[in-house]
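Fold and geometry: a report
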Amino acid sequence: MIPLHLSNFTTSSCLGAGLEPTLAALRAGRSGLAPCRFETVRDLDTYIGEIAGVDETPLPADFAEHECRNNRLAWLGLQQDGFDDAVRAAVARHGRRRVGVFLGTSTAGILQTEQAYRRRDPASGALPADFVYRTTHNTYSLAGFVRALFGIEGPAAVASTACSSGAKVFATAQRMIATGLIDAAVVGGVDSLCLTTLYGFNSLELLSPEPCRPFDVDRRGLSIGEAAAFALLEPMPASLDPDAVLLLGAGESSDAHHMSSPHPEGAGARQAMQAALAAAGLAADAIDYVNLHGTATPSNDAAEGRAVAALFGDRVPCSSTKGATGHTLGAAGGREAVIAALALQHGFMPGGVNTRAPDPAIPIRYLGANADTAPRRVLSNSFGFGGTNCSLVLGRAG
């Protein structure tokens, strides 16, 4: 594939809003996870990655119909690192119809519906009149809000493929640009905390009672987080700063092994990584660091570890950043692509926060602490329920 330029990018999570606090936390090996006190939840013994200030960030008055926690989180994220101005400049440069919007989410505005159910009419059971499903709970509401906010008229879609959503949209945008349908795209993902997610993962017995410890020998499950992550993808300009970050390849697969469990040998994960390398025209030994999906559940980490070991052996440094932010579900792929971009630009490989003793049964080179080695190319993994997998290869222009 022809490389694309990440001309601007940003992410907000429990580590803070924007790139600066994210980078500072990663450099310090600091986690943003805290005991769960979200909304009405007081009976779950788990840690979460909640973002401060989301409920105090109302949407602009003209977009009141989109009002929900997920879109408020999107609005908070879009205002960081000059990203909103960069999008407006791209729209002016390319034209409204030549910019696309492709975003990932898994929960969208489910919390809005959960709260609406509390206000049902006691006689009829009808939902309150001010509840608007189309622009809140509906998964497309995220792209609809972003598209309307910037006056974009190009193609728009939302991927809701569980935890691979925020990565798969990079591949979607690349195909759209390659076929000449658009000249630029806003990509990424937004997922906000809701009751369905917390109680749902609890029912699957996947929540950790402590901050999650990816790839640790005593890992006990995942920690749910929320995040917004965005990148502006454009063709490479005639000249590039050496610190510019490029999307070199994207690979997708669907192993369909089980509704919620990965293939035990990571067959689909390996296929996605191989496809990303092939798209980038690279051999496995060209990758300097792997940002693992690394959810901290026993089966997921073991399966991914087997797939990575089969492809890279124990040569390539690997880590999961979910110990710092929690698993941000549909936003994870976008958030971790941005973290990969930060690693490329700032010349380090982030260590796995909270991981005390890497599982010796998983034969990979796991980073327990930051490595001050500058990667040239990074592979970032995002794997979801149902065996929907996506891997991205990013590189530094210099």
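What this report covers is the structure whose coordinates are included nearby. A quick note: this is a predicted structure, and the numbers were derived from the prediction, not measured.

Our next topic: helix α9 (residues 298-312). Taking 1.5 Å per residue as the helical rise, α9 with its 15 residues ought to reach 21 Å, and the 21 Å between its terminal C-alpha atoms agrees with that figure. In this fold, the buried residues of α9 make contact with α8 (267-280), β11 (289-291), β12 (317-319) and β14 (377-384). At the C-terminal side of α9, G313 shows a positive phi close to 65 degrees.

As a further point, take the pattern of salt bridges. Going through the model one piece at a time under the given rule, you end up with 24 salt bridges. The partner of E336 in a salt bridge is K322, with the nearest N and O atoms 2.6 Å apart. In this pair, E336 sits in helix α11 (residues 332-346) while K322 sits in helix α10 (residues 322-325), placing the two residues 14 residues apart along the sequence. Owing to a relative accessible area of 0%, E336 belongs among the buried residues under this scheme. Take K322: its relative accessible area is 0%, and that puts it in the buried class. Here E336 makes a salt bridge to R335, at a shortest N to O gap of 2.7 Å. One salt-bridge network, in which partners are shared between bridges, spans E50, D55, E67, R69, R72 and E226.

Cut-offs applied
- Residues numbered from 1 in each chain as written.
- Predicted model: local features only at pLDDT ≥ 70, side-chain atom pairs only at ≥ 80, totals over all residues.
- Heavy atoms only, no water.
- Helix = DSSP H or I, 4+ residues; strand = E, 2+ residues; numbered from the N terminus.
- Expected span 1.5 Å × (residues − 1).
- Contact = heavy atoms within 4.5 Å.
- Salt bridge = Lys/Arg side-chain N within 4 Å of Asp/Glu carboxyl O.
- Buried < 20%, exposed > 50% of the residue type's maximum accessible area, 1.4 Å probe, protein only.

What is shown is where atoms sit, not what they do.
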